[in-house]
Amino acid sequence: MSSKLAVAAIAILPPLTLFAAFAAFRADLPPEQAAAFAVQLSERTPLLVLIGLIAASVGGLFAWRQIGGQAQACLHLADHIELASRPDASIEELRRVADTDSGPEISALAARMERVLAELATARRDTATQAEAARADVERERNQFATLIAELPQGVVACNREARVMLYNGHARDLIGSFLLGLDRQLSDIFDRQILAHTEEKILQRLAAGSGRVIVSFVTTSGSGRLLRARISPVLAGGDAPAVERLSAFLILLDDVTREAEHVERRDRLFDLLTRSQRAGLANIRLTAGSLDSFEHMTPAQRDRATKKIVDEAARLSERIGRAEAEVAGLLRSATRLETMHGADLLASAARRIEAKTDLDVRIENVNEGVWLHVESFALVQVLVVLAQRLEDARELRQVRLSLTLVEEFAAIEVAWYGLGMSNETAAGWEIESMLLSGAPITRSIREVLAEHRAELAWGRDTASARAYFRIRMRPGDPDEPSNEGIAADDARPEFYDFDLFHRSSRGAQLSDRLLAELAYTVFDTETTGLDPSGGDEIIQIGAVRIVNGRLLRGERFEQLVDPCRVIDPASEAIHGITRAQLAGKPKIDEVLPQFHAFARNTVLVGHNAAFDMRFLELKEARTGLRFDQPVLDTLLLSAVLHPNQETHRLDAIAERFGVAVLDRHDASGDALVTAQLFLKMLPLLAERGIRTLGEARAASEKTLHARIKY
């Protein structure tokens, strides 16, 4: 029976007692006196009702004083018992309850519960010791693996089959940027989606073909503008199934090749300068030889000797330049951005991509199976697709034909069609325009891509067969030359890893139906110039930390002071201690919000009294063009859901109840860290109350009175 029902029952007891006394008295009277007594009572009914109400009120007040206080004390005790029963909890709060003047019964109950929980804690420690011993060997192997990865000179990233990051080392984070790289982040948040799709396609092709060691590389730019070479290899699970079905993860090695690319670029410029200047000199020699007839004072024999000398020298220079050109071209082809690829595979990939991007029927013909190419396959396939798209628009074609032949010492890739050829003006314009692929601008032109391959584009038409073509002419590659894609045999230790992400998949699951324990969170806090976001107050500090797979990732943090370009309210400055002088020279909010937006991408936001912080972010949407439209959870509201009988849900009070140490209070990063620890402690308590999914947590939060607070 609840305390309210108990109070009501006691309140009606006095009127019932009076009624029973009158009934007993009337039953003992003779019939005539009983009738007279009944008449007298009926005449005094209002008075009797008043007496009954007074008696009920007195009884209810007495009951409330006796029971209500005890009931409220029991509810508080229940909250403390629940918190103290957690594996990592302290029973100090329970001891304080036992020492209070809430009554001998409550104190005795608290004291006995303290002893029970102490015994439970002892049993848990024994169990934990045994479990720790059982996990020691596994943890030792993991740590050895982690140490190796940390020592690698390369960046290491591993992702599961769903392309979500489950491991990386500090070098990878330095190369990519801390705002983009983190556990459970999508690989597409880091690298271009089209490059990833092309790379995955190549890996699956090679696995299906039964290739032994599969490694695919590409070159991309980091957020800081550095040039990175990524080499990706598949990780296969054991078993007898086909390799494609056993694909469970990808391992990515990253190298900074900015300096190598700069060297190649300088060498390229030197090569162009050398060839142009020498060719100009040759032209002058030939011009001189051709004009010897104008020298009247030279005898015929002298002119012959001079002419022969000039011609011989020109021939020798031409030969030397030819050798130098071939040597430099070979060095350029060995640049780190290129890879050796079977020509037939390149055409097959291009054909699939053209058919996916256009309505053209693609026929592959005249493929020399012995031709290998040294290419950046993604870029070269883009060139072929763009040419096909432009032909489809300009000539309304239904079919194109791809071929690969060997002409003398050059490989020739052709995109051919039957019909009208291209004018020189149109074809030359296509060559120098920036490429467009399905409406997405590509920064390089066809000519720039081919120049990187030391290749040339030609076009023409065979009048007899009415066959027109674009032809890419380049030197073939050597399949036996040393590959740039070798992977060191050493394993690697990440500073950050979560092997449980191997088994995680979010396909087909609605976010609101996802379990709270499975989601990734960005727990954040802000400090501001004042408490009125709509009145012009600004953010002066943002701090955040990530939670993935139920783990607090202390190493994945966001910390940034912000110049608000306005004064700070003295009352707010007294709380957080951040002065205007400390903010001088710090980045503006327009610079910081894009970084924080990238850090929080694809996660659920968590804050304490989050409505206040979110209002500041919402007011910057029009100015920055950024929307934080992901779901938000509030630990203040969740605390009210879990412990509605507590008087306060301030961050300090909740931390005290849960036994979480509060450090750096009113510092955005410190408060975010405390909030994250509290949120993790709340998750199992929410699950015990049947609140397991994101949708259920948000629905429960919205029912609390605190959810009505607006800023």
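Conventions used here
- Residues numbered from 1 in each chain as written.
- Predicted model: local features only at pLDDT ≥ 70, side-chain atom pairs only at ≥ 80, totals over all residues.
- Heavy atoms only, no water.
- Helix = DSSP H or I, 4+ residues; strand = E, 2+ residues; numbered from the N terminus.
- Buried < 20%, exposed > 50% of the residue type's maximum accessible area, 1.4 Å probe, protein only.
- Contact = heavy atoms within 4.5 Å.
- Areas by Shrake-Rupley, 256 points an atom, 1.4 Å probe, with all protein chains shown as cover.
- 1 Å grid on protein atoms, 1.4 Å probe; cavity = no way out; pocket = protein on both sides within 12 Å on 5 of 7 lines; lining within 4 Å.
- Points joined across faces, edges and corners; volume = space filled by probe spheres on them.
- Nonpolar A, V, L, I, M, F, W, Y, C, P; charged D, E, K, R; others polar.
- Pairing = 2+ DSSP bridges.
- Axes fitted to C-alpha atoms, helices over the stretch in contact; angles between N-to-C directions.
- Expected span 1.5 Å × (residues − 1).
- Parallel < 35°, antiparallel > 145°, perpendicular 65-115°, else oblique.

A closer look at the overall build of the protein chain
Point 1. Summing up its helical and strand segments, the protein chain has 23 helices and 21 strands in all.
Point 2. Out of the 711 residues belonging to the protein chain, those deemed buried represent 43%.
Point 3. Residue pairs at least 24 apart in sequence account for 69% of intrachain contacts in the protein chain once pairs closer than 6 positions are excluded.
Point 4. Entry remark: accessible area of the protein chain is about 37000 Å², with carbon and sulfur atoms responsible for 54%.

Considering empty space enclosed by the protein
Point 1. Applying the stated criterion to the full structure yields two cavities of 30 Å³ or more.
Point 2. Roughly 50 Å³ of volume is contained in the largest cavity.
Point 3. Lining the largest cavity are eleven residues, with Ser217, Phe218, Glu339, Ser377 and Phe378 positioned closest to its centre.
Point 4. Elements supplying a minimum of two residues to the lining of the largest cavity: helix H8 (193–208), strand S3 (216–221) and helix H12 (377–395).
Point 5. Counted by class, the lining of the largest cavity contains three nonpolar, four polar and four charged residues.

Considering the sheet that holds strand S17 (residues 521–528)
Point 1. The five strands are arranged S19-S18-S17-S20-S21 in an open sheet whose pairing can be described as mixed. Edge strands, defined here as strands with exactly one partner in the open sheet, are strand S19 (551–561) and strand S21 (632–634). For this sheet, the mean inter-axis angle between neighbouring strands, taken without regard to orientation, is 25 degrees.
Point 2. Strand direction decides the pairing type here: S17 and strand S18 (residues 539–548), joined by eight bridges, are antiparallel. Across the sheet, Thr528 pairs through a bridge with Ile539, a residue of S18.

Some points on H12
Point 1. The end-to-end C-alpha distance of H12, which contains 19 residues, comes to 27 Å, matching closely the 27 Å that a straight helix rising 1.5 Å per residue would cover.
Point 2. For H12, a buried count of 16 out of 19 residues is recorded, marking the element as mostly surrounded by other parts of the structure.
Point 3. Phi for Glu396, located one or two positions after H12, is positive at around 50 degrees.

Considering unusual backbone geometry
Point 1. For Glu396, which is not a glycine, the phi torsion comes out positive at approximately 50 degrees.
Point 2. Relative to the elements of secondary structure, Glu396 occurs in the loop between H12 and strand S9 (399–407).
Point 3. Even without being a glycine, Ala466 presents a positive backbone phi close to 60 degrees.

So, the packing of H8 against H12
Point 1. Packing of H8 against H12 brings their axes to within 10 Å, and their N-to-C directions diverge by 105 degrees. The angle between H8 and H12 falls in the class roughly perpendicular. Contacts between H8 and H12 pair Gln194, Ile195, His198 and Lys202 from the former with Ser377, Phe378, Val381 and Gln382 from the latter.
Point 2. The residue inventory of the contact of H8 with H12, partitioned by class, reads three nonpolar, four polar and one charged.

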